[in-house]
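# Examination of the molecular architecture
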Amino acid sequence: MESWDSRYAQGKYSTDRPHRLLIGLAEELAPGRALDLACGTGRHANYLAGKGWQVTAVDSSPVGLGIARRRAGEKGLEVEYLLADLEKGEFGIEPDSFDLICDFYYLQRDLFEAMKLGVRPGGRIVSTVHLYDEGDESPFLLNDGELAGFFADFRVLHFHETSLTDRDPGEHHRRTAEIIAQRPYPKNRTPTN
C-alpha cells in the first residue's frame, strides 16, 4: 500500500481548499481553540488559523506536515503542527481543551471518546468519514449510521450520509458520513454566550 508520505510527495490529497462543512461551521462560530486530527497538508488547520483560530494540528506524515507548514508560512499563519502517530497513542487529546475538533477522512474508532472529552461544553466536533460500499473490506470505513451512534449523547446539529460520492474539493470521492455534534452543557450550567 502506498504511504501517505509518498502520496503527498506526488501531490495527491494536497488541495488547500477546506471542506464545505468546515467553511459553513466556521462562519457561525467565534474563533477559539481548535484541534485538527490527521491534518495531512493542513487545508483545514490553515483555513481556521486564517479565520483567527488558535490551531493545533496533528499528523504522522512528515511530508504532509512540511507542505502544511510551508503553506502556513506563505500566508503568515501560525499553526502548531505536531508530528505524531495517533494510532500509536503519540498524541493525547487534553480533556475540556478545545472549542472545535476536526476529523476529516480519518477513522480511528477508539479516538471518538477522547474527542468527545476533549471538546469543551458547548464546543463542536466536525467529522467526515468514508462509508463501506459493497465489496469493501477495509477497517477504515464506517457502517451506515455508525458515525451518528458515536455521538448519541451529544446534540447533533448536522448529520448526512451521501448516497454516491461526496463533493469534497480533495480527492476523497467515495460515499461518506458527515456530522457536526455539540457537547452538551452540564445540566446545572447554561451557556454565557
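The structure reproduced in this document is the subject of the present report.

Cut-offs used in this document
- Residues numbered from 1 in each chain as written.
- Predicted model: local features only at pLDDT ≥ 70, side-chain atom pairs only at ≥ 80, totals over all residues.
- Heavy atoms only, no water.
- Helix = DSSP H or I, 4+ residues; strand = E, 2+ residues; numbered from the N terminus.
- Buried < 20%, exposed > 50% of the residue type's maximum accessible area, 1.4 Å probe, protein only.
- Contact = heavy atoms within 4.5 Å.
- Areas by Shrake-Rupley, 256 points an atom, 1.4 Å probe, with all protein chains shown as cover.
- Lys, Arg positive; Asp, Glu negative; His and termini not counted.
- Charge placed at Lys NZ, Arg CZ, Asp CG, Glu CD.
- Disulfide = S-S within 2.5 Å.
- Phe/Tyr/Trp six-rings, centres within 6.5 Å; stacked < 30°, edge-to-face > 60°.
- Core = buried A, V, L, I, M, F, W, Y, C linked by side-chain atoms within 4.5 Å.
- Salt bridge = Lys/Arg side-chain N within 4 Å of Asp/Glu carboxyl O.
- Pairing = 2+ DSSP bridges.
- Right-handed = clockwise from strand over helix to strand, strands pointing away.

Now for the overall build of the chain. A tally of helices and strands in the chain yields six helices and seven strands. Listing each helix as α and each strand as β along the chain from the N terminus yields α-α-β-α-β-α-β-β-α-β-α-β-β. Taken over the C-alpha atoms alone, the chain extends approximately 50 × 45 × 30 Å along its principal axes. By the burial criterion, 49% of the 193 residues in the chain qualify as buried. Here the contacts in the chain between residues at least 6 apart in sequence split such that 63% fall between residues at least 24 apart. Counting every atom, the chain has about 9800 Å² of accessible surface; 48% of that belongs to carbon and sulfur. The averaged location of the 31 negative side-chain charges in the chain is 5 Å from the averaged location of its 23 positive side-chain charges.

Turning our eyes to something else, we now look at the state of the cysteines. Formally, a disulfide is one covalent bond, and it connects the sulfur atom of one cysteine to the sulfur atom of another. For the structure on display, the rule yields zero disulfides. Distance from the sulfur of Cys39, which forms no disulfide, to the nearest cysteine sulfur (Cys102) is 10 Å. The exposure class assigned to Cys102 is buried, which follows from its relative accessible area of 0%.

Take the packing of aromatic side chains next. Enumeration over the complete set of coordinates arrives at four aromatic pairs. Ring geometry for Phe112 and Phe150: centres 4.3 Å apart, planes at 20°, overall stacked. Taken as a pair, Phe112 in helix 5 (residues 112–118) and Phe150 in helix 6 (residues 146–150) lie far apart in primary sequence, 38 residues in all. Linked through ring pairs, Phe112, Phe150, Phe151 and Phe154 together constitute an aromatic cluster.

All right, on to the nonpolar core then. Ranked by internal contacts, the top residues of the largest apolar core, which has 26 residues, are Leu22, Leu48, Val55, Tyr81, Leu100 and Val126. Among the secondary structure elements, those contributing two or more residues to this core are helix 2 (20–28), helix 3 (43–50), strand 2 (54–59), helix 4 (62–74) and strand 4 (98–104). Once residues lying within four places of it in the same chain are set aside, the contact partners of Leu22 are His44, Tyr47, Leu48, Leu100, Cys102, Phe104 and Val126. In terms of nonpolar packing, the next biggest core, distinct from the first, is built from 25 residues, Leu37, Leu86, Phe91 and Ala177 among them.

What follows is about the side chain of Arg71. Residue position: Arg71 is located in helix 4. No salt bridge is formed by the buried Arg71. Its closest oppositely charged neighbour is Asp16, at 5.2 Å. If near-sequence neighbours (up to four positions away) are discounted, Arg71 is found in contact with Ser14, Thr15, Asp16, Thr41 and Asn46.

Right, let's get into the pairing of strand 4. Counting buried positions along strand 4 yields six of seven residues, so the element is predominantly enclosed. Sheet topology note: the strand 1 (residues 33–37)/strand 4 ladder contains four bridges and is parallel. Looking at strand 4, one finds that Leu37 is bridged to Asp103. Running through helix 5, the crossover from strand 4 to the neighbouring parallel element strand 5 (residues 119–130) is right-handed.

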